[in-house]
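# Fold and contact review
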Amino acid sequence: MRIDVLTLFPEMFASPLNFSIVKRAQQRGLVQIALSNIRDFAKSSYNKVDDSPYGGGAGMVLMCQPVFDCLESVQKQDSNSGRVILLTPQGRKFDQQLAKELSAEKRIILIAGHYEGFDERIRIGTGAEEVSIGDYVLSGGELPAMVIIDAIVRLLPDALGDEDSAANDSFSDGLLEYPQYTRPEEFKGLKVPDVLLSGNHKEIDKWRKQQALEKTEKQRPDLLDKHKKSEK
Ligand code: ADE
């Protein structure tokens, strides 16, 4: 898989992409991540990439030309022109389902804006889909791009170690994950549930399923409604 990110701040990505599972996945050739600086494509004086909004209002808006030129240059680097995604608070809400869908793509291109947003013609002219990571406003699309990359890369075949599995993750079956315990058996008077020490895998599976249901009912009843409908 190839992931491109178009951003004004490529340096922001250095640390999150160079640790843990995402680092390992790149080293093992499961994913190639390429960062492009939109400012390198600015043509106007002072490398200008943003301007004030028509109609007035606060803040600055990302201009069409540098983004279009950057995207065109990046798309040309590969025969697959990729699924193009604009990070905005107005987009489709990112969730585990969309993470799965994107992890099956051969190439995705994430465009991270900054300031008050994008000139609307960037969305219209590129045909990009908009994706949001939640109902709150961040200073730019960089953190959302990193969140999306992390969620996608860990789903790539072989990205997790043999002992790990994405199959039991929260949301993978529409429920929150069951509670986990490790050594010691007792800590500050708090004991590991007996069933987990029993070695009875049938009982352990039953307990985990029950715990996942209870946790979801308590913390996220909205998910439980959806889960019940899909089970039916
Ligand atoms: N840019 C600013 N806020 C955002 C959000 N919540 N999701 C995606 N991109 C954003």
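Residues numbered from 1 in each chain as written. Predicted model: local features only at pLDDT ≥ 70, side-chain atom pairs only at ≥ 80, totals over all residues. Heavy atoms only, no water.

### A closer look at the overall build of the protein chain
Each helix and strand in the protein chain was counted, giving 8 helices and 9 strands. Its C-alpha atoms give the protein chain principal-axis dimensions of roughly 70 × 40 × 40 Å. Counted over contacts in the protein chain with a minimum sequence separation of 6, partners at least 24 positions apart contribute 73%. Put simply, the protein chain shows about 14000 Å² of open surface, and 49% of that area lies on carbon and sulfur atoms. Between the mean site of the 31 positive side-chain charges and the mean site of the 36 negative ones, the protein chain shows a separation of 3 Å. (Helix = DSSP H or I, 4+ residues; strand = E, 2+ residues; numbered from the N terminus. Contact = heavy atoms within 4.5 Å. Areas by Shrake-Rupley, 256 points an atom, 1.4 Å probe, with all protein chains shown as cover. Lys, Arg positive; Asp, Glu negative; His and termini not counted. Charge placed at Lys NZ, Arg CZ, Asp CG, Glu CD.)

### Digging into the domain arrangement of the protein chain
With domains assigned, the protein chain is organised as domain 1 (2–153) and domain 2 (168–231). Put simply, the middle of domain 1 and the middle of domain 2, counted by C-alpha atoms, are 36 Å apart. (Domains from an automatic or database assignment.)

### Some remarks on the state of the cysteines
One pass over the full model with this rule turns up 0 disulfides. Here Cys64 is not disulfide-linked; the sulfur of Cys70 is the nearest cysteine sulfur, at 14 Å. (Disulfide = S-S within 2.5 Å.)

### Side note on the site of the ligand
Taken together, Leu87, Thr88, Pro89, Val131, Ser132, Ile133, Gly134, Tyr136, Val137, Leu138, Gly140 and Pro144 form the complete shell of residues around the ligand. At 3.0 Å, a backbone N or O of Ile133 approaches a nitrogen atom of the ligand. At 3.2 Å from a nitrogen atom of the ligand is found a main-chain nitrogen or oxygen belonging to Gly134. Of all the elements in the fold, those that place two or more residues in the shell around the ligand are β5 (83–93) and β7 (129–132). The biggest single contributor to the shell around the ligand is β5, with 3 residues. Tallied by class, residues from the shell around the ligand come to 8 nonpolar, 4 polar and no charged. (Near = heavy atom within 4 Å. Polar contact = N/O pair within 3.5 Å; in protein donor to acceptor, adjacent residues only side chain to side chain. Nonpolar A, V, L, I, M, F, W, Y, C, P; charged D, E, K, R; others polar.)

### Regarding the environment of Glu130
Here Glu130 shows up in strand β7. Separated by 23 residues in sequence, Glu130 and Arg107 place their C-alpha atoms 16 Å apart. The contacts of Glu130, once residues within four sequence positions are left out, are Leu86, Thr88, Gln90, Gly91, Arg92 and Arg123.

### Details of the side chain of His114
Mapped onto the elements of the fold, His114 is located in the loop between β6 (107–112) and α4 (120–126). At a separation of 3.3 Å, a polar atom in the side chain of His114 contacts the main-chain carbonyl oxygen of Ser139. Within the structure, the side chain of His114 is placed 2.9 Å from the side chain of Glu142, a separation counted as a polar contact. What His114 contacts, discounting residues up to four positions off in sequence, is Leu8, Phe9, Leu62, Ser139, Gly140 and Glu142.

### Let's talk about a nonpolar patch on the surface
Taken together, the side chains of Met12, Tyr136, Leu138 and Leu143 make up a nonpolar region of the molecular surface, amounting to roughly 370 Å² of accessible area. Residue placement: Met12 occurs in the loop between β1 (2–7) and α1 (20–27). (Patch = residues over 30% accessible without salt bridge, like charges linked within 9 Å, V, L, I, M, F, W, Y side chains within 5 Å. Salt bridge = Lys/Arg side-chain N within 4 Å of Asp/Glu carboxyl O.)

### Quick look at the packing of helix α3 (residues 96–103) against helix α5 (residues 142–153)
Where α3 contacts α5, the two axes come as close as 8 Å, and the packing angle between them is 70°. Classified by the angle between their axes, α3 and α5 sit roughly perpendicular to one another. Contacts between α3 and α5 involve Ala99, Leu102 and Ser103 from the former and Ile148, Ala151 and Ile152 from the latter. A per-class count over the contact of α3 with α5 returns 5 nonpolar, 1 polar and no charged. (Axes fitted to C-alpha atoms, helices over the stretch in contact; angles between N-to-C directions. Parallel < 35°, antiparallel > 145°, perpendicular 65-115°, else oblique.)

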